[in-house]
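# Geometric and topological summary
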Amino acid sequence: MKPLVPTSDFPKRDDLIYLNAANVALMYEGCRATISDWYNDVAFNGSINFNESAETEVFDSIHDLAAQLFNVNPTDIAVGSSATELLSSLAWAIAPKKGENIVSTDIVFPSTIYPWQRVANTTGATIKLARGKDNYLDPDDIVKLIDQQTAVVCISHVEYGNGQLFDLEKLSDAAHAVGAFFIIDATQSAGAIPIDGNIVSIDALVCSAYKWLCGPFGVAIMYLNPKLQYNLEPGLVGFRSHKDMWKLDPRKIEYPDTAKKFEFSTMAFGCARGLEASIRYILDIGVKTIFTHNRLLTDQLIAGLIKQNAQIISPVNDKERSAIVTVNFQGCNSATLVQKLKHQQIFVSLRSNTIRFSPHFYNTKDDIGITLDHIRRLLKIIK
Ligand SMILES: Cc1ncc(COP(=O)(O)O)c(C=O)c1O
């Protein structure tokens, strides 16, 4: 298997084996360089180059690129500082009322549900979480919770812990059958798993940049379905929320009738420019190609781990697996193994006493082979 990308695109790749994209991916070199150039320019030139018109247009390219990533329109994209920030603003905009409920799962990343919990604390809406059993969340258990009072179904496309991939169409159909909004957190999928906003009916999607998109901290994107763009009033507002931001009229906000209304403040603009470079790069390679590459890596990883009697916690069937592979070894403390791998310059995560591997397209079969060899050797010492 040939490396999918040149080592120079991820310069540290040669010094370590990094299987940790579900935590923070390696950053694409073009992204790093763009960010560095952008901040150098502002450090040395203030707003001489990054002037008011540049600030007005700063997200135009990222709107275009994110729209290509999700096969939607540029006007459906908003940029913010984090997935949590964008979701919080959206949760306050929708603000489910007393008597209504929000459906999610009890294995979801906390930031995907806390914003709704916060709104519900004020409005009196209720949160209903489908229960995971034996590290698996049966999607039918989510569907069963959806009723006529459901205002929002908000799930993570891929669960951060067990890597479970949800069938978006099934959940979207169930949400829409009762008139609820279907909202997804794509932080653990965008860039690694194709998402087509033209095929699946999603009302909104939020996504951080620093995982599978190989971008930086400090920027995130949101897709907002056109049918929500006119009526919703964002929970977070500022001078940028105005459709003519330099009007600087403190008496009245006039929102644009696009997803842009969720952009409200001065932020880490250089990071947004960097994310542009990462998304362009990922689009050039193709998300389908990345998906196939990562699947080959996880095939090899899962087969090698099973040979070493690992208990595979992640779903392994084709429809529900992702590039996150979480395992346990009986009689072996996961924290110790993660630590010992780190001493060998192999980086994975410890999550709830399990070992989470998350290879990405900069990894190779050799990376997986070497990791498996080390695990075999280390298990003999630890057990
Ligand atoms: C599914 C999911 N959503 C959101 C986040 C984090 O979002 P933020 O960057 O806004 O803190 C994570 C982080 O691990 C995550 O796994």
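Model, not experiment: these values are computed from the prediction.

For the rest of this paragraph, the subject is the domain arrangement of the protein chain. Taken as a whole, the protein chain is organised into domain 1 (7–19 + 286–382) and domain 2 (30–284). Between domain 1 and domain 2 lies a buried interface of about 1,900 Å² when both sides are counted; carbon and sulfur atoms form 63% of it. Among the residues of domain 1 in contact with domain 2, Val-287, Glu-320 and Ile-324 are the three that bury the most area, contributing 27% of the side total. Where domain 1 meets domain 2, there are zero salt bridges. Taken together, domain 1 and domain 2 are joined by 10 residue pairs in polar contact (both at pLDDT 80 or more).

What follows covers helix H4 (residues 83–94). For H4, which comprises 12 residues, the first-to-last C-alpha distance of 16 Å matches the rise-based estimate of 16 Å (1.5 Å per residue) to within 8%. Burial runs high along H4: 10 of the 12 residues are buried. Taken together, the buried positions of H4 are occupied by Ala-83, Glu-85, Leu-86, Leu-87, Ser-88, Ser-89, Leu-90, Ala-91, Ala-93 and Ile-94. Buried residues along H4 sit in contact with strand S2 (77–80), helix H5 (110–123), strand S5 (150–156), strand S6 (181–185), strand S7 (204–208) and strand S8 (220–224). One or two positions beyond H4, positive phi appears at Ala-95, with a value near 40 degrees.

Counted according to the given criterion, the structure contains 16 aromatic pairs. Judged by centre distance (4.9 Å) and plane angle (80 degrees), the ring pair of Trp-38 and Tyr-39 falls under edge-to-face. Residue Tyr-39 is classed as partly exposed on the basis of its relative accessible area, which comes to 33%. On the numbers, 5.1 Å between centres and 85 degrees between planes, the contact of Phe-109 with Tyr-160 is edge-to-face. Remark: Tyr-160 occurs in the loop between S5 and helix H7 (168–177) and Phe-109 occurs in the loop between strand S3 (101–105) and H5; sequence separation between them is 51 residues. One aromatic cluster in this structure is built from Phe-10, Tyr-28, Tyr-281, Phe-361 and Tyr-362.

How each quantity is defined
Residues numbered from 1 in each chain as written. Predicted model: local features only at pLDDT ≥ 70, side-chain atom pairs only at ≥ 80, totals over all residues. Heavy atoms only, no water. Domains from an automatic or database assignment. Buried area = accessible area lost by both parts, 1.4 Å probe. Salt bridge = Lys/Arg side-chain N within 4 Å of Asp/Glu carboxyl O. Polar contact = N/O pair within 3.5 Å; in protein donor to acceptor, adjacent residues only side chain to side chain. Helix = DSSP H or I, 4+ residues; strand = E, 2+ residues; numbered from the N terminus. Expected span 1.5 Å × (residues − 1). Buried < 20%, exposed > 50% of the residue type's maximum accessible area, 1.4 Å probe, protein only. Contact = heavy atoms within 4.5 Å. Phe/Tyr/Trp six-rings, centres within 6.5 Å; stacked < 30°, edge-to-face > 60°.

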